[in-house]
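# Survey of secondary and tertiary structure
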Amino acid sequence: MLAGAPAAPIAQGGPVIPHFERASDCIRENGQFCFGWFVDNFDRVFVPRLVEHIWLTLLAVGIGFVIAFTAALLAYTLDWFETPFVILAAFLYTIPSLAFFQLLVPITGLTVTSAEIALVSYTLLILFRNTLTGLREVPEDAQLAARAMGLTKGQILRRVELPLALPAIMAGIRIATVTTISLATVAAFIGVGGLGQPIFNAIQSGFKTQFIAAGILAVALALVADALLVALQRLLAPWLRARRA
Amino acid sequence: MNSSDSAHPTGPSASPDGPAAAVLAFHEATKIYPGRRTPAVSNLSLEVPAGEICVLIGPSGSGKTTAMQMVNRLITMTSGDVTIDERSITDLDETELRRGIGYVFQQIGLFPHMTTEDNIGTVPRLLGWSKERIRARAKELLELVGLDPDDDLRRYPAEFSGGQRQRIGVARAMAADQPLMLMDEPFGAVDPIARDRLQDDFLRLHHEVPKTVVFVTHDIDEAIKMGHRIAILRDGELVQYDTPDNILAEPANDFVADFVGADRGLKRLNVWRLGDLELGPAPDEPDGPTATAHTSLRDALSVMLVEGKDRLVVVDEDGRPTGTVALDSITRLIGPDEKAAAR
C-alpha cells in the first residue's frame, strides 16, 4: 500500500497531520495503525466526516426509495412502465462512479446535489426491482381472499400487498444502504466530505493510520446500518418469526 | 320464502336487524368466457332456501366454481341474474356485496402478516366495528370453531396446522354474521381424518348458526354428507338438483348414476339413520347386536353382516331397547320397491 509514498506531508495548504512536535513513535514511523492517534483525533478528524457520510447516505437512500417505490407502484399497475424504467436504472447503474461524479460537476458543480444525483441513481435499480418483485410475489390466495371479502384496490394494496412485500422491500433497502455507504466515499472526490475525504487526504499524504481508520469506520457504519435495518424489519414484520410450535 | 321466516335460531351475535340466513336464487345465470363458444355456465336456475347447504358438484370443467363465483361477482355474469333475498346482486355495490358474503376456499388465504384476531376482524373493521366488538366477536368465533379463544387470538397463521387454519378461515367468513357463505372445496387440502372432523364440526356449527351455504366439491361422499341439496353440473348445465337421498334413489340419467357410483345403494344407506325407519316392537332385554337410533343404516347393515344376524335391537343412550330393525326392512328401502318403504 503506497510503499513509495513520501512519509512527510506534502499536501498544499498546510500540514495534513498536525501536532508533529508531540507525535508518538508510531506516528513518526508511520505505522500501520496508531491507535493512540486515532483516539486523540477521533472527534476532530472523523466525527464531522462520519456525520456527513451518514447524511449523504440517508439522503440518497431516502430520495432513491421515494422514486423507486413510486415507480414500482406504477409498474405494478401499468405493465408497460417496467421495461423503460429498468433500462434507465440499469444504464445509470453501469456508469463508473468516479466518471459519474466528474460528469455532473460541469452541470451541478462541486455540490452535494452532484453527489446525490449519482448516489440516488445507483440505488434505483435494486430498490425498484425488489419492491416490484415483493408486490408480485404476494400469495395469490391472500389477494383472492382480500378481493372476496370486499376490500377495495387501495385497501388491498395498503393492508395486504405492501405489508407482505415488506421483507423484499427491506432487503432492497439494506443492499442499497450498504452500497451507498461504500460509494459515498468516492463522492469526496468532488469535495462533499464524508469518510472519503480523510481517505483521499491520506492517499496524498501517505498517512496509513488515517487511511485505515476511515476505511474501518466506513465498514463499521455499513455494518451498524445493516443491523439497524434488520432490527427495524423485525419490528415491522413480527409475523416473519412466527413458526408452528 | 323470506329469510325472516326461517325457523332456525340466529347466531349468538347475529345482528338484530340483519337476516341470519338469506335465500339465494340463480335465474338463468349464464357465463360465457371471452373467446369461448360454449358457456362455462349455461342458464343455471336454482333456489337455495334460507339456512340450507347447497352442494355444487360435477367433474372438472363442469362450471361449479364459476357458478359459485358469480354470486359475489368474482366472475361477472354474461346474462341472467342471481338474487339474494330477491335482490339482484347487480344492484349492489361490488365491495358492499362481498362484505355481506362469507368466502372460504381451499387455499384459505389467511393473511400471513395478521394475527388470528386481525384476520377474523378484516370485514368487521371495514364495516367500522369498534376494537372491543371485533375482539369479542373473534373470541366467540374461535370458540365456536374449536380453537383457543385467548391463546390463538394473537398467533399468526404460520403457527397453525392446515386444519386449524381452515377453521380460522371459516371463522373469518362468519365474522360479520354474513347471511350467505360460499365455500369452494374448503376441506380439499387437509388429510382425510382432519377433513372428516372439519366436516362434522362444520355441520354442528351450521346447526347452531344456520347460514345459507353454497358448497363446491368434486367429492360425491362429501356432497352427500354436507348437502341438504345437491346440484349436479355437467358442461355448465344443471343435470339434477335434489336432496342427496332422491339423487341416490333416482338418478336423473346415466351421467348422474355414473357420477354417484355403482354403490349408490350403499351410499344411500349412509344418508338414513336407524331412527328414520319404522321400528319393530322393542324386546324387554337386548338380545344380540345393538345400535343407537343415530347409527347409519350402512353401519347397521355392516353389524348384521358381521354378526350373521338378520335383526338388530335399537337402544337409547342408556342401553334400553326402543325397537328392532330387520335386515329385510333395509334391503326393501334400497330395493326396487323403495317407494313403499320411504318415510
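Residues numbered from 1 in each chain as written. Chains lettered and ligands numbered in written order. Predicted model: local features only at pLDDT ≥ 70, side-chain atom pairs only at ≥ 80, totals over all residues.

### Section: the overall build of chain A
What counts, and what does not: What counts as a helix is a DSSP run of H or I of at least four residues, what counts as a strand is a run of E of at least two, and both are numbered from the N terminus. Three exposure classes are used. Buried residues have 20 or more other C-beta atoms within 10 Å of their own C-beta, exposed residues have 12 or fewer, and partly exposed residues fall in between, all C-beta atoms being placed from the backbone. Working definition of a contact: two residues with C-beta atoms, positioned from the backbone, lying within 7 Å.
Looking only at helices and strands, chain A features nine helices and zero strands. Scanning chain A from its N terminus toward the C terminus, one meets helices and strands in the order α-α-α-α-α-α-α-α-α. Across the 245 residues that make up chain A, the buried fraction comes to 39%. Looking at chain A alone, contacts between residues at least 24 apart form 73% of all its contacts between residues at least 6 apart.

### Things to note about the pairing of strand 9 (residues 229-234) of chain B
Residues and elements named next belong to chain B. As a reminder of what qualifies: For two strands to count as paired, DSSP must find a minimum of two bridges between them.
Across four bridges, the pairing between strand 3 (residues 53-57) and strand 9 is parallel. Each residue of the ladder has a partner; that of Cys 54, found in strand 9, is Arg 229. By the bridge criterion, five bridges tie strand 9 to strand 10 (residues 237-242) in an arrangement that is antiparallel. Its bridge partner being in strand 10, Ala 231 is matched across the sheet by Tyr 241. The turn joining strand 9 and strand 10, which pair antiparallel and follow one another in sequence, is formed by two residues; a positive phi near 50° is taken by Asp 235.

### Structural notes on the confidence of the model for chain A
The line we're drawing: pLDDT is a residue-level measure of predictor confidence that goes from 0 to 100.
Residues of chain A with pLDDT of at least 70 account for 90%, and the chain-wide mean is 90. Ignoring residues within four places in sequence, the model shows residues 1-11 of chain A, a span with pLDDT below 50, making 14 contacts including any to other chains.

### Topic: the interface of chain A and chain B
Using the following cut-off: Any residue outside Ala, Val, Leu, Ile, Met, Phe, Trp, Tyr, Cys, Pro, Asp, Glu, Lys and Arg is labelled polar, Gly included; the first ten of those are nonpolar and the last four are charged.
Chain A puts 19 residues into the contact, and the matching count from chain B is 22 residues. At the level of elements, helix 6 (140-148) and helix 7 (153-184) of chain A are the ones that each hand at least two residues to the side of chain A that touches chain B. The element that contributes the greatest number of residues to the side of chain A that touches chain B is helix 6 of chain A, accounting for six residues. Split by residue class, the side of chain A that touches chain B holds 13 nonpolar, two polar and four charged.

### Concerning the sheet that holds strand 5 (residues 87-88) of chain B
The strands that make up a sheet are held in pairs by hydrogen bonds between backbone atoms, and each pair lies either parallel or antiparallel. Residue and element names in this part refer to chain B. The following threshold applies: The axes are straight lines fitted to the C-alpha atoms, using for helices just the contacting stretch, and the angles between their N-to-C directions are given from 0 to 180°.
Taken in spatial order, the four strands line up as 2-1-4-5 in an open sheet, and their pairing is antiparallel. With one partner strand each, in any of the chains shown, strand 2 (41-48) and strand 5 form the two edges of the open sheet. Two elements, strand 1 (residues 24-31) and strand 4 (residues 79-84), share five bridges in a ladder whose sense is antiparallel. When the sheet's bridge partners are listed, Ala 25 is paired in strand 4 with Thr 83. Helix 1 (residues 64-71) contacts strand 1, strand 2 and strand 4 of the sheet and is inclined by roughly 120° relative to strand 1.

### Concerning the packing of helix 8 (residues 196-205) of chain A against helix 9 (residues 208-236) of chain A
The description of two packed helices rests on the angle between their axes and on the distance between the axes. Residues and elements named next belong to chain A. Formally: The cut-offs work like this: below 35 degrees is roughly parallel, past 145 is roughly antiparallel, 65 to 115 is roughly perpendicular, and the gaps in between are oblique. The sense of a crossing depends on the near helix, which, turned anticlockwise from the far helix by less than a right angle, makes the crossing left-handed and, turned clockwise, makes it right-handed.
Where helix 8 contacts helix 9, the two axes come as close as 8 Å, and the packing angle between them is 155°. By the angle between their directions, the pair helix 8 and helix 9 is classed as roughly antiparallel. Along this stretch, helix 8 crosses helix 9, giving a crossing that reads as left-handed. Contacts between helix 8 and helix 9 involve Pro 198, Ile 199, Asn 201, Ala 202 and Ile 203 from the former and Gln 210, Phe 211, Ala 214 and Gly 215 from the latter. Among the residues forming the contact of helix 8 with helix 9, the class breakdown is six nonpolar, three polar and no charged.

### Some remarks on the packing of helix 5 (residues 112-136) of chain A against helix 7 of chain A
All names here are of chain A. Axis separation between helix 5 and helix 7 bottoms out at 8 Å; the angle between their running directions is 160°. Classified by the angle between their axes, helix 5 and helix 7 sit roughly antiparallel to one another. Both helix 5 and helix 7 take part in a crossing whose hand is right-handed. Residue classes in the contact of helix 5 with helix 7 are distributed as 14 nonpolar, eight polar and one charged.

### A short note on the sheet that holds strand 7 (residues 180-184) of chain B
Residue and element names in this part refer to chain B. With respect to topology, six strands assemble into an open sheet ordered 6-7-8-3-9-10, the strand pairing being mixed. Each end of this open sheet is capped by a strand with a single partner; those strands are strand 6 (101-105) and strand 10. Geometrically, the sheet is characterised by an average inter-axis angle of 15° between neighbouring strands, direction not taken into account. Looking at chain direction, strand 7 and strand 8 (residues 212-217) are connected through five bridges and run parallel. The residue bridging Asp 184 from the neighbouring strand is Val 216, located in strand 8.

### Some details on unusual backbone geometry
Residues and elements named next belong to chain B. Despite not being glycine, Glu 28 shows a phi value in the positive range, around 45°. Relative to the elements of secondary structure, Glu 28 occurs in strand 1. Judged by the 12 C-beta atoms lying within 10 Å of it, Glu 28 is exposed. A positive phi angle, close to 55°, is found at Asp 177, a residue other than glycine. Note that Asp 177 resides in the loop between helix 6 (162-173) and strand 7. Classification of Asp 177 as buried rests on a count of 22 C-beta atoms within 10 Å.

### Thoughts on the environment of Ile 330 of chain B
Residue and element names in this part refer to chain B. You can see Ile 330 is positioned in helix 13 (residues 327-334). A residue is classified by how many C-beta atoms lie within 10 Å of it, and Ile 330, with 22 of them, is buried. Remark: the alpha-carbon pair of Ile 330 and Trp 272, spanning 58 residues in sequence, is separated by 9.9 Å. Setting aside chain neighbours within four positions, we find Ile 330 in contact with Leu 297, Ala 300 and Leu 301.

### Notes on the nonpolar core
Which entries qualify depends on this criterion: What we call a nonpolar core is a set of buried Ala, Val, Leu, Ile, Met, Phe, Trp, Tyr and Cys residues whose membership is set by joining through C-beta atoms within 7 Å.
Residues Leu 119, Phe 128 and Ala 187 of chain A together with Val 55, Leu 56 and Val 214 of chain B are the most contacted members of the largest nonpolar core, which totals 138 residues. When residues in this core are grouped by element, the largest group, 13 residues, is from helix 5 of chain A. Not counting chain neighbours up to four residues away, the residues in contact with Leu 119 of chain A comprise Leu 56, Ala 60, Thr 180, Leu 183, Ala 184 and Ala 187 of chain A. Leu 269, Leu 297, Met 304 and Val 325 of chain B belong to the second-largest nonpolar core, a separate cluster that totals 12 residues.

### As for the environment of Arg 320 of chain B
Tracing the sequence through the fold places Arg 320 of chain B in the loop between strand 12 (311-315) and strand 13 (321-326). Spatially, the C-alpha atom of Arg 320 of chain B lies 20 Å from that of Leu 297 of chain B, the residues being 23 residues apart in sequence.

### Some details on helix 6 of chain B
How we decide: Each residue after the first adds 1.5 Å to the expected span of a helix.
Taking 1.5 Å as the rise per residue, helix 6 of chain B with 12 residues should run 16 Å; its terminal C-alpha atoms sit 17 Å apart, in good agreement. Against the buried residues of helix 6 of chain B lie strand 6, helix 3 (116-120), helix 4 (122-126), helix 5 (131-144), strand 7 and helix 7 (192-208) of chain B.

### Brief notes about the pairing of strand 6 of chain B
Residue and element names in this part refer to chain B. Across the five residues that make up strand 6, a large majority, five, are buried. Burial along strand 6 is two-sided: the residues Ile 101, Tyr 103 and Phe 105 and Gly 102 and Val 104 are all buried. Here five bridges tie strand 6 to strand 7, and the two strands are oriented parallel to one another. Counterpart to Phe 105 in the pairing with strand 7 is Asp 184.

### A closer look at the environment of Leu 297 of chain B
All names here are of chain B. Along the polypeptide, Leu 297 turns up in helix 12 (residues 297-307). Take Leu 297: there are 23 C-beta atoms within 10 Å of it, and that puts it in the buried class. Ignoring anything within four residues of it in the chain, the contact list for Leu 297 reads Leu 269, Trp 272, Leu 274 and Ile 330.

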